[in-house]
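Here is how the chains run, residue by residue.
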Amino acid sequence: MLDKNIKRIAVQWATLMFFVMAVVGWVSGLSPYTSGMRAVGGFIAVYCLIRLAGTIIISVLVQAMANEQIRQHRKSDQE
């Protein structure tokens, strides 16, 4: 479930960045092909970065929650 949410967020942000980069390229006077190719490259880069960052953040949070549960379990066993 979390993986689907990460993918959805990555696609949304990457799509937004695609259009931003395409418009910036167009306004800068680049040819439509060059502008589009750079926007596609930006889409791929943003998508990969968000997927990677989301996966890392989720794994860190899950590990922290697991460590907290283990710590609480050990604390209750000592009492």
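Residues numbered from 1 in each chain as written. Predicted model: local features only at pLDDT ≥ 70, side-chain atom pairs only at ≥ 80, totals over all residues. Heavy atoms only, no water.

(A) Structural detail: the packing of aromatic side chains. In this structure the tally under the stated criterion is two aromatic pairs. Ring geometry for Phe-18 and Phe-19: centres 5.2 Å apart, planes at 85°, overall edge-to-face. By relative accessible area, Phe-18 is classed as partly exposed at 25%. (Phe/Tyr/Trp six-rings, centres within 6.5 Å; stacked < 30°, edge-to-face > 60°. Buried < 20%, exposed > 50% of the residue type's maximum accessible area, 1.4 Å probe, protein only.)

(B) Inspection of the environment of Ile-44 at higher detail. By secondary structure assignment, the location of Ile-44 is in helix α2 (residues 32-78). A residue is classified by how much of its surface remains accessible, and Ile-44, at 47% relative accessible area, is partly exposed. Residues Ile-44 and Lys-4, 40 residues apart in the sequence, show an inter-C-alpha distance of 17 Å. (Helix = DSSP H or I, 4+ residues; strand = E, 2+ residues; numbered from the N terminus.)

(C) Local environment of the pattern of salt bridges. Scanning all chains against the criterion turns up three salt bridges. A salt bridge links Asp-3 to Lys-7; its shortest N-O distance comes to 3.9 Å. Of the two residues, Asp-3 and Lys-7 both sit in helix α1 (residues 2-27), four residues apart, roughly one turn of that helix. A residue is classified by how much of its surface remains accessible, and Asp-3, at 37% relative accessible area, is partly exposed. In this structure, Arg-51 and Asp-3 form a salt bridge, with 3.3 Å as the shortest nitrogen-oxygen distance. In this pair, Arg-51 sits in helix α2 while Asp-3 sits in helix α1, placing the two residues 48 residues apart along the sequence. (Salt bridge = Lys/Arg side-chain N within 4 Å of Asp/Glu carboxyl O.)

(D) Geometry of a nonpolar patch on the surface. Taken together, the side chains of Ile-9, Trp-13, Leu-16, Val-20 and Val-24 present a nonpolar region at the surface, about 450 Å² in accessible area. Along the polypeptide, Leu-16 turns up in helix α1. (Patch = residues over 30% accessible without salt bridge, like charges linked within 9 Å, V, L, I, M, F, W, Y side chains within 5 Å. Areas by Shrake-Rupley, 256 points an atom, 1.4 Å probe, with all protein chains shown as cover.)

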